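The chain contents come next:
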Amino acid sequence: GTTTTGRGGQIIVQRRRGTAAIYRTEGASSIGIRRGGWDVEDGNGNGKGGGGGWKTISCNNFVRKKFNKSGRTQVYLKWMPDSRDINDIEIDNLSPASEKSSATYPCLKCHATIDAPFDRVCSFLANPNTIPLYNELVVDHSDVEEISPSSKITWTKCPKILFVKPRDFVTYCSHRWRGDGTQVIVNQACEHEDVPGVMVEGQGDVCRGFAIRGANFISKDPDDPNKTRITMISHATPGGGLPQWAMNTAVNAVVQIEPFKFFHNINDSICNYQQESTISQQLQPQTSNVGNLPGRSDKPAGIAHLGFTCFWPNGGGLRELHHQDVLANEDDDDSMEQLD
């Protein structure tokens, strides 16, 4: 496998054994988040709701009292087909033409409010040392290949969940910063020659799952500067050739607990993060000054998800110009023309 740069800064990761390549442009706002009925408008909560085929997920009284007492988290579920280009889909996941239309996988859409300032939330989530504090479904992880200062391919392992054996995931991840300051992280399942996987259940201790596509928006709460909003979209499949009934059973059990626990743990742990932040900075030397590169931010970014983990504690994400900055630049250009 090789990594090359195509026209317009396009990143091309070549695959072996005749499978297709994945093509991504760093400046892309997302990976297909406006297609396939995802109904995502932005990271500020617009586009919420259970319309468009999304089912509102309600937790039982015990889970609600423990993990969502204040109603900070809303969760929606929709079963959708793989929205990737057919050339990006793994050979083992390609269904016969007669079955392709019926192959659907769970997609979660979550909205949550965290009772902490935006900068602290970004710093907390960008620190790999905090994973055990909020995500019990990550038992191991590593970076496989850095594609650019703001994108990489990662490997993540999750434990056995109910009757579904442990899974590992290989995922392309990228992040950027919107003009309004919102952090955007997108991901897509991919392959890499350095981390081959077991594709069939029962042929190994760990089977390959796929974080098909996802997007995460972390932004300041416009109504309260001491709070942060997170919108998360995650489309995935456990792989392994699990029958539909088994996948339905596992998903229906997990979805009523884990998303609520995930955001509760973030909110609960972040209150004590100031001390943890100081320790982690001492443990992680600054090995890169990517934030000093033109057009890139030095703000920390990242998150530990089910299906991928990606961290940029030293920054490196591309920065978009805010609309007001664009207008200011245009005014400056006009002034220079007048001076000329």
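Residues numbered from 1 in each chain as written. Predicted model: local features only at pLDDT ≥ 70, side-chain atom pairs only at ≥ 80, totals over all residues. Heavy atoms only, no water.

**Things to note about the confidence of the model for the protein chain**
Next up, step 1: Mean pLDDT over the protein chain: 79, with 70% of residues reaching 70 or higher.
Next up, step 2: Within the model, the stretch residues 275-287 combines pLDDT values under 50 with 14 contacts to residues more than four positions away or in other chains.
Next up, step 3: A low-confidence stretch, residues 323-340 stays under pLDDT 50, and its non-local contacts, those more than four residues away or across chains, total two contacts. (pLDDT = per-residue confidence, 0-100. Contact = heavy atoms within 4.5 Å.)

**Some words on the side chain of N265**
Next up, step 1: Turning to its location among the elements, N265 is positioned in helix α6 (residues 258-270).
Next up, step 2: Aside from chain neighbours lying at most four places away, what touches N265 is L133 and Y134. (Helix = DSSP H or I, 4+ residues; strand = E, 2+ residues; numbered from the N terminus.)

**Examining the packing of helix α3 (residues 118-125) against α6**
For any two helices packed against each other, one specifies the crossing angle of their axes together with the interaxial distance.
Next up, step 1: At a minimum axis separation of 11 Å, α3 and α6 run at an interaxial angle of 110 degrees. As summarised for this structure, α3 and α6 are arranged roughly perpendicular, according to the angle between their axes. In contact with R120, V121, F124 and L125 of α3, α6 contributes I266, S269 and I270.
Next up, step 2: The residue makeup of the contact of α3 with α6, split by class, is five nonpolar, one polar and one charged. (Axes fitted to C-alpha atoms, helices over the stretch in contact; angles between N-to-C directions. Parallel < 35°, antiparallel > 145°, perpendicular 65-115°, else oblique. Nonpolar A, V, L, I, M, F, W, Y, C, P; charged D, E, K, R; others polar.)

**Quick notes on unusual backbone geometry**
Next up, step 1: One non-glycine residue, L162, lies in positive phi territory at about 55 degrees.
Next up, step 2: By the secondary structure assignment, L162 is in the loop between β8 (151-158) and β9 (167-177).

**Looking at helix α5 (residues 244-254)**
Next up, step 1: Every buried residue of α5 is accounted for by A246, M247, A250 and V251. Projected down its long axis, α5 shows its buried positions confined to an angular sector of 125 degrees, all on one face.
Next up, step 2: Turning to α5, the residues buried within the fold contact β5 (73-80), β6 (105-114) and β13 (228-237). (Buried < 20%, exposed > 50% of the residue type's maximum accessible area, 1.4 Å probe, protein only. Arc of directions from axis to C-beta.)

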